[in-house]
Amino acid sequence: MPANVVVIGSLNMDLVTRAPRLPVGGETLIGHSFATVSGGKGANQAVAAARLGAQVAMVGCVGNDDYGVQLRDALLAEQIDCQAVSTVNDSSGVALIVVDDNSQNAIVIVAGANGAMTPAVIDRFDAVLQAADVIICQLEIPDATVGHALKRARALGKIVILNPAPASRALPADWFAAIDYLIPNESEATVLSGLPVDSLETAERAASKLIAMGAGKVIITLGAQGSLFANGQSFEHFPAPKVKAVDTTAAGDTFVGGFAAALANGKSEAEAIRYGQIAAALSVTRAGAQPSIPIQSDVQAFKPA
């Protein structure tokens, strides 16, 4: 069956350490544990969409190393179409993650093979994009490739989602017109809009500015405060489900994947947001990136604490 969600983005091996707190500069901490876990924002979102009800294809690059084999195998185990996951002559991407006892994290990413994602890779697998209903991008591959993918997805008439993470600077102005749903978190919305986002009121101002810049619709994820949806005419706040957090890694990716899967399966925007929120809430009750992502039946059975 052709994929109805295509994810264009990164695959990383996550090297995860748990520690009492996040270290400060020059400090050495004794950690609790260490694990290697398949991750990368692109792969996480592909796994989330697949577990949450979509037919998914991944477009990305892995290295010719053991991590590359493991990353591909992890996607195949989820029945994700990997015909567009290329092996290149480089090391696979890695993310060095520290998670503290309050479930907050700090992450350093080394792109590795993700840097080989060029616009030519997108063109090579254009048939995969043509078969999709929803196309998702993030920012862990080169900007030129993200921009090319967004514009091609728009030209094909697909539903285009950009999760602008990690965001360290404003987006190119010519990207916005290609985006149906821009989904930043608070810090990313701050960077992209140039406005502080620390409340619902400030999130509304930032979302309005992002829509004025050309984005179709904006969903700002606000952690425990839920999500704010803006469409240029109105705002709607979606409170977060109440859970006890263990590890927030991949919560945003789970939301994006769940939201995309629900849209691809014909749900309304409001239904898709709530579905993504429940999936993300369940993910923070479990450790790790891809291991924390729930399946469709988990979401359907969810009852708030």
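Keep in mind that what you see is a predicted model, and the values were worked out from it rather than measured.

So, how was this worked out
Residues numbered from 1 in each chain as written. Predicted model: local features only at pLDDT ≥ 70, side-chain atom pairs only at ≥ 80, totals over all residues. Heavy atoms only, no water. Helix = DSSP H or I, 4+ residues; strand = E, 2+ residues; numbered from the N terminus. Rg over C-alpha atoms; globule rule 2.2 N^0.38 Å. Contact = heavy atoms within 4.5 Å. Lys, Arg positive; Asp, Glu negative; His and termini not counted. Charge placed at Lys NZ, Arg CZ, Asp CG, Glu CD. Pairing = 2+ DSSP bridges. Axes fitted to C-alpha atoms, helices over the stretch in contact; angles between N-to-C directions. UniProt positions renumbered as here; feature names shortened; annotations may be inferred. Buried < 20%, exposed > 50% of the residue type's maximum accessible area, 1.4 Å probe, protein only. Core = buried A, V, L, I, M, F, W, Y, C linked by side-chain atoms within 4.5 Å. Expected span 1.5 Å × (residues − 1).

Visitor: Explanation requested: the overall build of the protein chain in the structure shown.
Guide: When helices and strands are counted, the protein chain shows 10 helices and 13 strands. Relative to its length of 305 residues, the protein chain is compact, with a C-alpha radius of gyration of 18 Å against a globular reference of 19 Å. Each of the three principal axes of the protein chain carries a C-alpha extent, and together these read 50 × 45 × 40 Å. A sequence separation of at least 24 residues applies to 67% of the contacts in the protein chain between residues at least 6 apart. Distance from the positive charge centre (20 side chains) to the negative charge centre (28 side chains) of the protein chain: 4 Å.

Visitor: Got a minute to help me understand the sheet that holds strand β9 (residues 159-162) in this structure?
Guide: Two modes of strand pairing occur in sheets, parallel and antiparallel, and in both the strands are linked by backbone hydrogen bonds. The mixed open sheet is built from nine strands, whose spatial order is β5-β4-β1-β8-β9-β10-β11-β12-β13. At either margin of the open sheet sits one strand with a lone partner, and together these are β5 (81-88) and β13 (235-238). Sheet topology places strand β4 (residues 56-63) next to β5; six bridges connect them, and they run parallel. Within β5, the residue paired with Ala57 across the bridge is Asp81. Sitting on the sheet, helix α2 (residues 66-76) is in contact with β4 and β5, with an inclination near 175° to β5.

Visitor: How do you make sense of the UniProt feature "binding site: K(+)" (unreviewed entry) in the protein chain when you look at a structure like this?
Guide: Under the feature "binding site: K(+)" (unreviewed entry), the UniProt entry names Asp247, Thr249, Ser283, Arg286, Gly288 and Ser292. With the annotated positions falling across 46 residues, the maximum pairwise C-alpha distance of 9.3 Å places them together in a single cluster. Residue position: Thr249 is located in the loop between β13 and α8 (251-264). Apart from residues no more than four positions distant in its own chain, Thr249 is found in contact with Ile97, Val99, Asn105, Gly288, Ala289 and Ser292. The topology assignment puts Ser283 in helix α9 (residues 269-283). Residue classification places Ser283 among the buried residues on the basis of a relative accessible area of 0%. Ignoring anything within four residues of it in the chain, the contact list for Ser283 reads Asp247, Ala250, Ala251, Thr254, Ser292 and Pro294.

Visitor: Could you clarify how one ought to interpret the nonpolar core in this entry?
Guide: Note on soluble globular proteins: their nonpolar side chains tend to be buried together. Formed by 47 residues in total, the largest nonpolar core has its most connected members in Val5, Val56, Leu75, Ile161 and Phe259. Counting residues per element, this core draws most heavily on α8, at eight residues. Apart from residues lying up to four places away in sequence, Val56 is in contact with Ala3, Val5, Val7, Ala46, Ala49, Ala50, Gln79, Ile80 and Asp81. Within the second largest apolar cluster, 46 residues are counted, among which are Ala84, Val121, Ile220 and Leu222.

Visitor: Explain α9 here, please?
Guide: Since there are 3.6 residues in each turn of an α-helix, residues three or four apart along the chain are aligned in direction. The end-to-end C-alpha distance of α9 is 21 Å, a good match for the 21 Å that 15 residues give at a rise of 1.5 Å each. Listed as buried for α9 are Ala272, Ile273, Tyr275, Gly276, Gln277, Ala279, Ala280, Ala281, Leu282 and Ser283. Of the surrounding elements, those touching the buried residues of α9 are β11 (217-221), β12 (227-230), β13, α8 and α10 (296-300).

Visitor: Help me understand the sheet that holds strand β7 (residues 105-110), please; the structure alone is not making it clear to me.
Guide: Strand order across the open sheet formed by four strands is β3-β2-β6-β7, with mixed pairing between neighbours. Each having just a single partner strand, β3 (33-39) and β7 make up the two edges of the open sheet. The mean angle between the axes of side-by-side strands here comes to 20°, regardless of whether they run parallel or antiparallel. Bridge count between strand β2 (residues 12-18) and β3: seven bridges; the pairing is antiparallel. Looking at the pairing, Asp14 lines up with Val37 of β3.

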